[in-house]
Amino acid sequence: MERREFLKSLGVAGGTVLAASSPWLSAFSEVDHTNNSRAKLGIIGPGSRGQFLLSFLKKNPNADIIALCDVYQPSIDQTLKLYPQAKVYKDYRALLENKEVEGVIVTTPLNTHCQIVLDAFDAGKHVFCEKALAMTIEDCHKMYQKHRETGKIFFVGQQRLFDPRYIKTMEMVHAGTFGELEGFRAFWFRNNDWRRYVPSPELERHINWRLYKEYSRGLMTELACHQIQIGSWAMREIPNKVMGHGAITHWKDQREVYDNVSCIYVFDNGVKLNYESVISNKFYGLEEQILGHLGTVEPERGKYYFETFDPAPGFLQLVNDLENKLFKSLPFAGTSWAPETANVNHGEYIIGEKPTTDGTSLLIDAYVEAVITRQQPKNIAEEGYYASALCLLGHDAIETEQILTFPDEYKLNYLNHKKMTV
Amino acid sequence: MSSYIFRQTDPESTVFYAWFEAMHTRIDMVWCNLMEEESVCLGNKIQEEIKRLEKMANRFDPASELAVINRLASSQPIGISEELGQILQECIGYNQKTFGVFDITIQSNNNDRNRTDHIVFDPDNQTIFFQNADIQLDLSGYIKGYALDKVKELLTAYGCCDALVSIGNSSVFAMGNHPMGSGWKVSTQYTGGALSAENKEVTLYNEFLTTSGNETEERKHIIDPATGHYVTGARAVSVITETGAIGEVLSKTLFIAPKIIPLLRPFRQVFL
C-alpha cells in the first residue's frame, strides 16, 4: 500500500481521534516536501528480517542503503544484489565511522542490539532497531535514555503501529465503539520447530540463536513483543503486574528457550491480558482479541463483532465521515433488512476489506521520512520501549515464577507511568 | 437506549448514532448537534414510539390490537383505537387510489377483489366489523412508513434539524442537511446480482426514500392481489416522497404493477 493510499484509507484528514490514538502517524505529515530527499542508511546484520526490510526499502525512492555490515557471507551477498554500491563492513563500529551514513537499521541477534544501538547513537546516527530491543529491561532503558540524550531518531520494529487494521481498531476502541475494555487474549500458535537451516554444525548457535538463552529470550522476545503492546495501546495504560509460566513441552532438541509460554498481564483496574504461545499446535494461529462489553475486535483477522445487535457498517462509516468532515454517500438503502438474513455473526471488516499489509513497509517508510525530516514522531520510541520492556518483564516472571511489578526505576513519563526522580 | 455512539466532532458539533431492533428489522438513526443527554432522551422516545406501533399493528403478536381484530372482528364489532381506525381507513383509501394494488387484506383467506368493501367502521361506537369471515388485515407493508412519519414529528419536537433515520434500510427519512453539504446523499444497495446495475445515488432533503422488492430470486415476500401469488424476480423499486406512509404505498404498488405509473399522478413523488 502506498503512503497516500494508506493515509486516505484511514481518513487521516482532520481525524482528531485518529491523531490521538496513533500520534506517530505524524511521521508522514511532511511527505509532500521530502520527495526529492534521500536518507543514506546503513544496515547492520541483514539476515532474514533485515532482508525483509530491505525488500521494502528498495521500493522507497527516498531511501538508499550505502553501507552494510555482517559476518555471514550469504547475507552480504544477498544485500549486494539489491544494493551493489553499498560499502561492506565486517565490524559495525567501522560502519558507524562512515560519516555519510545518517541512520542505521539494526537487525542483528537480540543479544547484540543494546551495544550496537548505544554505539550508533554515540556516533550521531539515527536508529531503527528490530524488536525486541534487548535482553533486559535495564538495557532497553539505557537505549531509550541514549536516544533522549542524543536527540537522534529512534524507531523500534513494532510494525503493528503502522498497520491500518490496528490503527483503525484503536481509533474505534478509543472512541468507545466497543464499550468498556474488559480483557485481552493474545496468542501465537505455530506448529514447527522454529529452526533454520544450518549448512555447517559450527553455525548452529549463530543461525539458530533464537533457541539459546545466551542470545534470546525465546517466544517472549520474538513473538510476544509484537502482541503485548496491543493491550497497552488499547488501554492507554501500561500493565503493572505480570505472572507467567514457561516450559519445553514438545521440542526437546537441546534448545534452551521454552516452546510453551503463558503470561497474565494485569492492568491497574484488574483488566487482564492473557498471553499464550505454543509452537506445537497451530490451529488457532495468531491473534490479539480485544474484548469490550459491547463488542470484540480481532485486528489480525481484520474484523470486529458486536455482542448483541450490530451497528450498521454504513452508518458507522457516516459517523466516521462526520468526524473527518467528509460528505459521502451512504450505500445502505435497499430492500428490507430482516434478522433471518443476518443472524450469523460474521463480523465486519475493520477497514472495509481483507487486510493486505502488516504495516512493516509503512513503518520502515516512516523511519526514512523521520531521518530526512529529523523529526522524532510522537510516542514511537516510548511505544517501542514498553513493547520490549513488557515482554521482558513477562520473561522474568516466567523465569522467577513470581508475580512481578513493573520496576519504578525503568518507568518513563508515559501514559500512567511517572519517571522516578531521585 | 443501550446501543449508541456519541461523538463531539468539534467544539460546536456533535453526532449521535443509535440502533435497535424492532418491527422485525433494524432501526438506525443519526442526528447532529444535540447534546448526549438530549439525544439519548430523543432516542428513547423514538424507540418507545416504534415499539408502541409494533405492539399495535403486528399481526403475528396475538396480543396486538390488530391480531385481536383479525381474530374477532368477523364475529362481532370490535372496539378499535382512534389511531388504528384512522390507519386502516387511510389504507383502504390507498387501495382505491391504486386500483386495488396496495392491499392490506392480501393475507385474507379468499380471493374476493372487493374485500375492503366488507370492512365496516362505526365511528359513533368506534368499532370495526368484518362482514366477510375470511378477512385478515396486514399492515406490515405500511407501518414502517407510518412510523417514520411519527419519528419526523418527534425529531421536530426535540428541535432536531439534521437527521437520517432508517427502518430496515427500506424506509428512510432524511431531515435537513449533512453537516458538510446539502441534504443527505444515500445510495441504493441491492444485493441481488441482477439489481447491481440499478444502484443509484440520491440526495434527500426533508424527504422519504422507500424501497420495495425482492432482494434475491429466492427471497420473495410481496403478493400481487391480481394473481394471489408472490411477485417474482430479483428487482426493486425506490420512491422519494413527502411522507413515509405514501412511500410505502407507492413503492409496493409500483413493484407489483409498474405499468400503472401514469395512473398515479395524484401522488407527488419521484420514482427512481
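Right, let's walk through the structure included here. (Residues numbered from 1 in each chain as written. Chains lettered and ligands numbered in written order. Predicted model: local features only at pLDDT ≥ 70, side-chain atom pairs only at ≥ 80, totals over all residues.)

Section: the overall build of chain A
In terms of helices and strands, chain A carries 13 helices and 16 strands. Relative to all contacts within chain A whose residues are 6 or more apart in sequence, the contacts with residues 24 or more apart total 73%. (Helix = DSSP H or I, 4+ residues; strand = E, 2+ residues; numbered from the N terminus. Contact = placed C-beta atoms within 7 Å.)

Overview of the overall build of chain B
The helix and strand tally for chain B stands at five helices and 15 strands. Split into buried and exposed, the 272 residues of chain B put 43% on the buried side. Look at the contacts in chain B between residues 6 or more apart in sequence, and 56% of them connect residues 24 or more apart. (Buried ≥ 20, exposed ≤ 12 C-beta atoms within 10 Å, placed from the backbone.)

Quick notes on the interface of chain B and chain A
On the side of chain A, 25 residues touch chain B, which itself brings 38 residues to the contact. Elements that contribute at least two residues to the side of chain B that touches chain A include exactly β1 (4-10), β2 (13-22), β3 (25-32), β9 (184-188), β11 (207-213) and β14 (236-241) of chain B. Of the residues forming the side of chain B that touches chain A, the biggest block, five residues, is contributed by β2 of chain B. Taken together, the residues of the side of chain B that touches chain A sort by class into 13 nonpolar, 18 polar and seven charged. Pairing of strand β14 (residues 330-333) of chain A with β9 of chain B involves three bridges; the strand directions are parallel. Bridge assignment links Leu-330 of chain A to a residue of β9 of chain B, and that residue is Val-186 of chain B. (Nonpolar A, V, L, I, M, F, W, Y, C, P; charged D, E, K, R; others polar. Pairing = 2+ DSSP bridges.)

Quick word on the sheet that holds β9 of chain B
Across the sheet, three strands lie side by side as β14(A)-β9(B)-β10(B); this open sheet has mixed pairing. In this open sheet, the two edge strands, each paired with only one partner strand, are β14 of chain A together with β10 (201-204) of chain B. Strand after strand, the sheet turns through a mean of 45° between neighbouring axes, direction not considered. Across four bridges, β9 of chain B lies against β10 of chain B in antiparallel orientation. Looking at β10 of chain B, one finds that Val-186 of chain B is bridged to Val-202 of chain B. (Axes fitted to C-alpha atoms, helices over the stretch in contact; angles between N-to-C directions.)

Looking at the sheet that holds strand β13 (residues 303-306) of chain A
Residues and elements named next belong to chain A. A sheet is described by the order of its strands in space; here nine strands give the open sequence β15-β13-β12-β11-β7-β10-β9-β8-β16, paired in mixed fashion. Here the strands that pair on one side only, and so sit at the sheet edges, are β15 (348-349) and β16 (404-405). Note that strand β8 (residues 241-247) and strand β9 (residues 260-266) share seven bridges and pair antiparallel. By the bridge assignment for β9, Val-242 is matched with Tyr-265. Sheet strands touched by helix α13 (residues 380-400): β8, β9, β10 (272-278) and β16. Its angle to β8, the strand with the most contacts, is close to 60°.

Describing the packing of helix α1 (residues 36-57) of chain B against helix α4 (residues 143-157) of chain B
Think of two packed helices as two axes; the pair is described by the angle between the axes and how far apart they sit. Residue and element names in this part refer to chain B. It is the contact of α1 with α4, at a shortest axis distance of 10 Å, that shows an interaxial angle of 150°. Considered as vectors, α1 and α4 are oriented roughly antiparallel to each other. Handedness of the α1/α4 crossing: right-handed. Only Ile-143, Tyr-146, Ala-147, Lys-150, Val-151 and Leu-154 of α4 make contact with α1, whose side of the interface consists of Leu-42, Lys-45, Ile-46, Glu-49, Ile-50, Leu-53 and Ala-57. A breakdown of the residues in the contact of α1 with α4 according to their chemical character gives 10 nonpolar, no polar and three charged. (Parallel < 35°, antiparallel > 145°, perpendicular 65-115°, else oblique. Left-handed = near helix turned anticlockwise from the far one by under 90°.)

What about the pairing of β3 of chain B?
Residues and elements named next belong to chain B. Most of β3 is tucked away, with seven of its eight residues classed as buried. Across eight bridges, β2 lies against β3 in antiparallel orientation. Considered in β3, the bridge of Glu-21 is made with Arg-26. If you look at the hairpin formed by β2 and β3, you'll find two residues sitting between the two strands, and Met-23 has a positive phi there, around 50°. Relative to strand β7 (residues 163-167), β3 is paired through five bridges, and the arrangement is antiparallel. Across the sheet, residue Met-29 finds its bridge partner in β7, namely Val-165.

As for helix α11 (residues 313-323) of chain A
All of the buried residues along α11 of chain A are Phe-315, Leu-318, Val-319, Asn-320, Leu-322 and Glu-323 of chain A. Phi turns positive one or two residues past the end of α11 of chain A, at Lys-325 of chain A, with a value near 60°.

Thoughts on the nonpolar core
In terms of nonpolar packing, the biggest core is built from 107 residues, with Val-127 and Ile-228 of chain A touching the most fellow members. Among the elements that take part in this core, α13 of chain A stands out by supplying 12 residues, more than any other. The two domains that each donate at least three residues to this core are domain 1 (3-158 + 364-377) and domain 2 (162-359 + 382-410) of chain A. When near neighbours in sequence (up to four residues on either side) are disregarded, Val-127 of chain A contacts Gly-103, Val-104, Val-106, Val-117, Ala-120, Phe-121, Lys-152, Ile-153 and Phe-154 of chain A. Among the nonpolar cores identified, the runner-up in size contains 77 residues, and Tyr-17, Ala-22, Leu-42 and Phe-208 of chain B belong to it. (Core = buried A, V, L, I, M, F, W, Y, C linked by C-beta atoms within 7 Å. Domains from an automatic or database assignment.)

A closer look at the environment of Thr-116 of chain B
Residue and element names in this part refer to chain B. For Thr-116, the position within the fold is in the loop between α3 (82-97) and β5 (119-122). Its 20 C-beta neighbours within 10 Å are what place Thr-116 among the buried residues. It is 8.3 Å that separates the C-alpha atoms of Thr-116 and Asn-95, two residues lying 21 residues apart in sequence. Those residues in contact with Thr-116 that lie beyond four places of it in its chain are Ile-92, Asn-95 and Thr-105.

Description of helix α8 (residues 164-174) of chain A
All names here are of chain A. Taking burial as the measure, the 11 residues of α8 include 10 buried ones, the bulk of the element. Three or more residues of α8 are buried, namely Pro-164, Arg-165, Tyr-166, Ile-167, Lys-168, Thr-169, Met-170, Glu-171, Met-172 and Val-173. Gly-176 sits one or two positions beyond α8 and adopts a positive phi of about 85°.

Remarks on the environment of Ser-74 of chain B
Residues and elements named next belong to chain B. Locating Ser-74 in the fold gives a position in the loop between α2 (65-72) and β4 (78-79). Since 17 C-beta atoms lie within 10 Å of it, Ser-74 is described here as partly exposed. Considering only alpha carbons, one finds Ser-74 and Asn-132, 58 residues apart in sequence, at a separation of 6.5 Å.

With respect to the environment of Leu-291 of chain A
Within the fold, Leu-291 of chain A resides in strand β11 (residues 286-292). Aside from chain neighbours lying at most four places away, what touches Leu-291 of chain A is Glu-182, Gly-183, Phe-184 and Thr-296 of chain A.

With respect to the packing of helix α6 (residues 110-122) of chain A against helix α7 (residues 137-150) of chain A
Residues and elements named next belong to chain A. Viewed as axis vectors pointing N to C, α6 and α7 meet at an angle of 10°, and their least axial separation amounts to 9 Å. Our classification of the angle between α6 and α7 gives roughly parallel. Between α6, through Cys-114, Val-117, Leu-118 and Phe-121, and α7, the contact on the second element is made entirely by Asp-139, Lys-142, Met-143, Lys-146, His-147 and Thr-150. Taken together, the residues that form the contact of α6 with α7 break down as five nonpolar, two polar and three charged.

A short note on the pairing of strand β5 (residues 126-129) of chain A
Residues and elements named next belong to chain A. A two-sided burial pattern is seen for β5, the buried positions comprising His-126 and Phe-128 on one face and Val-127 and Cys-129 on the other. Where strand β4 (residues 103-106) lies against β5, four bridges are found, and the strand directions are parallel. The partner of Val-106 across the bridge, within β5, is Cys-129. Of the crossover connections in this fold, the one passing from β4 over α6 to the parallel β5 is right-handed. (Right-handed = clockwise from strand over helix to strand, strands pointing away.)

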